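Descriptive structure summary
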Protein chains: 4
Amino acid sequence: MSIDGNDVTAAVQGARAELRARQIVDAAIALMQEKGSNAVSMQAIAKSAGVSVGLLYKYFSDKEQILLAAITRVLGAFRDRVPQAIEGIDDPVDRVTEAFAEFCRAVDDHRHAVVLTYRESRSLSREGLADIQGQELETLGPLVDAVRGAADAGDLRDVPPELFAYDLLVLAHTWALKHWYFHAQGLSVDQYVEQQVRTVVLGALTDAARSRVER
Amino acid sequence: MSIDGNDVTAAVQGARAELRARQIVDAAIALMQEKGSNAVSMQAIAKSAGVSVGLLYKYFSDKEQILLAAITRVLGAFRDRVPQAIEGIDDPVDRVTEAFAEFCRAVDDHRHAVVLTYRESRSLSREGLADIQGQELETLGPLVDAVRGAADAGDLRDVPPELFAYDLLVLAHTWALKHWYFHAQGLSVDQYVEQQVRTVVLGALTDAARSRVER
Amino acid sequence: MSIDGNDVTAAVQGARAELRARQIVDAAIALMQEKGSNAVSMQAIAKSAGVSVGLLYKYFSDKEQILLAAITRVLGAFRDRVPQAIEGIDDPVDRVTEAFAEFCRAVDDHRHAVVLTYRESRSLSREGLADIQGQELETLGPLVDAVRGAADAGDLRDVPPELFAYDLLVLAHTWALKHWYFHAQGLSVDQYVEQQVRTVVLGALTDAARSRVER
Amino acid sequence: MSIDGNDVTAAVQGARAELRARQIVDAAIALMQEKGSNAVSMQAIAKSAGVSVGLLYKYFSDKEQILLAAITRVLGAFRDRVPQAIEGIDDPVDRVTEAFAEFCRAVDDHRHAVVLTYRESRSLSREGLADIQGQELETLGPLVDAVRGAADAGDLRDVPPELFAYDLLVLAHTWALKHWYFHAQGLSVDQYVEQQVRTVVLGALTDAARSRVER
DNA sequence: TATGAATGAGGGTTCATTCAT
DNA sequence: AATGAATGAACCCTCATTCAT
């Protein structure tokens, strides 16, 4: 039950490499948030990460790969949090509501990074763009599932489930994209969620489902 | 009541200047639409406008000013088109529906420019950003009015009118921002509008109003 | 019989552009000669030409285009000088001899540039390389013609004309490539030519032709 | 007559060092041959040699030293192969012919390395260059000897032996330098040798020697 | 008023070289 | 003896901006 020296070394190196990559992506995200995409030069990332420019290219083949990794990190959080948040919930409508709420809270935790997702798209290649679009669809998945559940339970009016789910996703993103507006109105995330639920989610329900939820 | 020579000259010059500025902004918008806002360099704008690079700086102090003017023009179209589109309509709900539809169509006409509004936001100066945000609020105005009208007529459930209007604005923008998604689904603008109306607008109505509209 | 203003302007600009291009290529050649290919950076060319880096890209799309232009200039001289040098000569063997001699003298006038042709090939793209190889074949043309003339006149032993011509070209280049060697031996171009004629050209002749020439 | 422990260690280390150095130079040559001398970076050499980058600097102070060692090895092969190839041959003309033929075949075995000798000349330091030139003269030696032998035997026309030998060397190099040309003509090394012998070697012979050889 | 040649800081990227382990 | 992560100067190229004409 022993590990030989090489394995240890390899493991340590692997961990260090992981760390470096994380460090670089963190620096990139930080820079994007505070300085705005165009200031995110490789030199700036290197400086912010406390490494040399050359090292960036040891861990990422491209500037695009760093951007991609940054966006992936954020979207990954969305993909994971929403299913976890609604795991124990049974009521189909509550599942939709809570999925949306959690999505909004996740967005709130990465507000600048979400904005970045919209902003940085222009620096990406066709493939890179397709990649993050694919990932966005993955974050959409849990929402669609929840909405479909409500639809199957007969709780939804005649609305296209995919579009409705996408609307929820967009309105969650909106909390970040239009934060300047909601902030000016003195709205908190929870208030935002509450109002959007009242405005959009309740509207998609059948009268029966709505009166059940509003009870 | 006479105009002296200098005034005439000044007036002519003013008109010509106006023309030039328009020409430049048009070129910038055209470039954004067809090339995707990356390739919008000063030299490209000059070439597309059929003027010299130097002249750009006679009419605009900055590249930012051209971008700003371009965005202003697009947002201006939104501000103007929506009121015109609902001018003769009496039914409060129809006014909301048609305002949203027209907004979507206007977005469709300037898809890339809308995307640009989101993308370029951080490359703008603080003042430029505030300017655009102010203008966005102006485009929101007509929507808010329409929504308030419906609310006053008792056609709306208990939803916050500003938020609902803002949702409509965002979902109109979404047609541009997520065009890759809707395009992949084979959706046209009109279909998009129709589905969003069914999903979001109808949901905000009272049962009475909804059954009246759906009849 | 007048030239309108625009034409004059255009002509002047054209001339100036020509001048600039020449100036840049000159600087590039000068640099290559004295510093060795790897020191020929765009920055260095710009500095040596007394212009900015950016301007280089107004006249040449690429670094490769500058290199290509430099090599083309040198090879062009070879292509032109040899035919001129043998224009009035009738004797087929004399034509060969004189073509070779002139080629050697041309090489001598551009010694460093010839070396450069061999050296720089590594920086060129596939197309660029093919281009200068094509040009080299053009400089071979006059030699082949002269050799063929001698062959048709029955003055040549049974030697492949193309290969023989190519040998002459290579031995002319050799004056530049191995100048360090011949220089150490105290050889002048004329002596070099004379000895190579004796060694290689005379050897390719029939006995009759040789005794005729040696008379 | 004993060897103490330290001596043994030193000897072993010396042998291992030799091996390492050889391994590195081999890798460098292999890279030059297959990748064309551009991609010969230190990291590439290390990878190809199966050692770390750092180790390169334990055995060579410089990248130049590796290049130099590689070129030295190739030129060394030329120096050794030619004498071996003509060892048992008695006829003076055959010795010249066979020396040239073997030289060409040796060049063929190291085509890219020969090209490199020409290309890299200027990136070498003054001493490095002088070193290589000295080595080239050593490879010339056997050719000169063979040519002198033929001259002493009275088989040569009145041609300068050194120059003639140098021509043979250059024309052997030419097989590498102008391989693109001969390859396009569908020539093999053996055909190249045969034609060059007919064109250049036979031409340097007296009538008597030529008719003897051609018999 | 209008031009466009000219600038040069700054972008992304490579690679010979070093050094802690 | 050996590693390879780390460095950073230098590379090629772009583009917002200026200015002599």
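First things first, this report covers the structure right here in the doc. (Residues numbered from 1 in each chain as written. Chains lettered and ligands numbered in written order. Predicted model: local features only at pLDDT ≥ 70, side-chain atom pairs only at ≥ 80, totals over all residues. Heavy atoms only, no water.)

**Brief notes about the protein's contact with DNA strand F**
Note the cut-off: Definition of nearness: a residue and a molecule or strand are near each other if at least one heavy atom of the residue lies within 4 Å of the molecule or strand. Two N or O atoms form a polar contact when they lie within 3.5 Å of each other; inside protein one atom must be a possible hydrogen donor and the other a possible acceptor, and for residues adjacent in sequence the pair counts only when both atoms belong to side chains. Counting from the N terminus, the helices are DSSP H or I runs at least four residues long and the strands are E runs at least two residues long. As a working rule, the residues Ala, Val, Leu, Ile, Met, Phe, Trp, Tyr, Cys and Pro are called nonpolar, Asp, Glu, Lys and Arg charged, and the rest polar, with Gly in that last group.
Among the 31 residues in the neighbourhood of DNA strand F, the closest are listed as Arg 20 and Tyr 59 of chain A, Met 42 and Gln 43 of chain B together with Lys 63 of chain C. Sugar and phosphate atoms constitute 54% of the interface atoms of DNA strand F, taking the interface as everything within 4 Å of the protein. For DNA strand F, a phosphate oxygen lies 2.6 Å from a polar atom in the side chain of Tyr 59 of chain A. Within the side chain of Asp 62 of chain C, a nitrogen or oxygen atom sits 3.1 Å from a phosphate oxygen of DNA strand F. Only α3 (53–59) of chain A, α2 (42–49) and α3 (53–59) of chain B, α2 (42–49) and α3 (53–59) of chain C together with α3 (53–59) of chain D provide two or more residues apiece to the surface near DNA strand F. Here the element with the most residues in the surface near DNA strand F is α3 of chain D; it accounts for 5 residues. Residues that form the surface near DNA strand F fall into these classes: 14 nonpolar, 9 polar and 8 charged.

**With respect to the nonpolar core**
Which entries qualify depends on this criterion: Here, nonpolar core refers to any group of buried Ala, Val, Leu, Ile, Met, Phe, Trp, Tyr and Cys residues whose side-chain atoms link them within 4.5 Å. Three labels apply to residues, based on accessible area from a 1.4 Å probe with only protein chains included: buried if under 20% of the type maximum, exposed if over 50%, partly exposed otherwise in between. Any two residues whose heavy atoms approach within 4.5 Å are treated as being in contact.
One finds Ile 45, Phe 78, Phe 164 and Leu 168 of chain C together with Ile 45, Phe 164 and Leu 168 of chain D to be the most contacted residues of the largest nonpolar core, which totals 150 residues. Among residues more than four places away in sequence, those in contact with Leu 168 of chain C are Val 96, Phe 100, Leu 143, Val 147, Val 200 and Val 201 of chain C. If you look at the next biggest cluster of nonpolar residues, it comprises 148 residues, including Leu 75 and Phe 182 of chain A together with Phe 103 and Ala 204 of chain B.

**A look at the interface of chain D and chain C**
The following threshold applies: Once two parts are put together, the accessible area they lose, assessed with a 1.4 Å probe and summed over both, is termed the buried area. A pair is scored as a salt bridge if a Lys or Arg side-chain nitrogen falls within 4 Å of a carboxyl oxygen belonging to Asp or Glu.
Contacts between chain D and chain C engage 40 residues on the former and 43 residues on the latter. Summing the contributions of chain D and of chain C, the shared interface buries around 3,800 Å²; its carbon and sulfur component is 57%. Contact with chain C buries area across many residues of chain D, yet Arg 122, Trp 180 and Thr 199 of chain D alone supply 18% of it, more than any other trio. For Asp 207 of chain D, the salt bridge is made with Arg 210 of chain C, and the minimal N-O distance between the two is 3.6 Å. Across the chain D-chain C interface, the total number found is 12 residue pairs in polar contact (both at pLDDT 80 or more). For the side of chain D that touches chain C, the elements supplying multiple residues, two or more each, are α6 (111–119), α7 (126–152), α8 (161–177), α9 (179–184), α10 (189–204) and α11 (207–214) of chain D. If you tally residues by element for the side of chain D that touches chain C, the top one is α8 of chain D, at 10 residues. Of the residues that constitute the side of chain D that touches chain C, the class distribution is 17 nonpolar, 11 polar and 12 charged.

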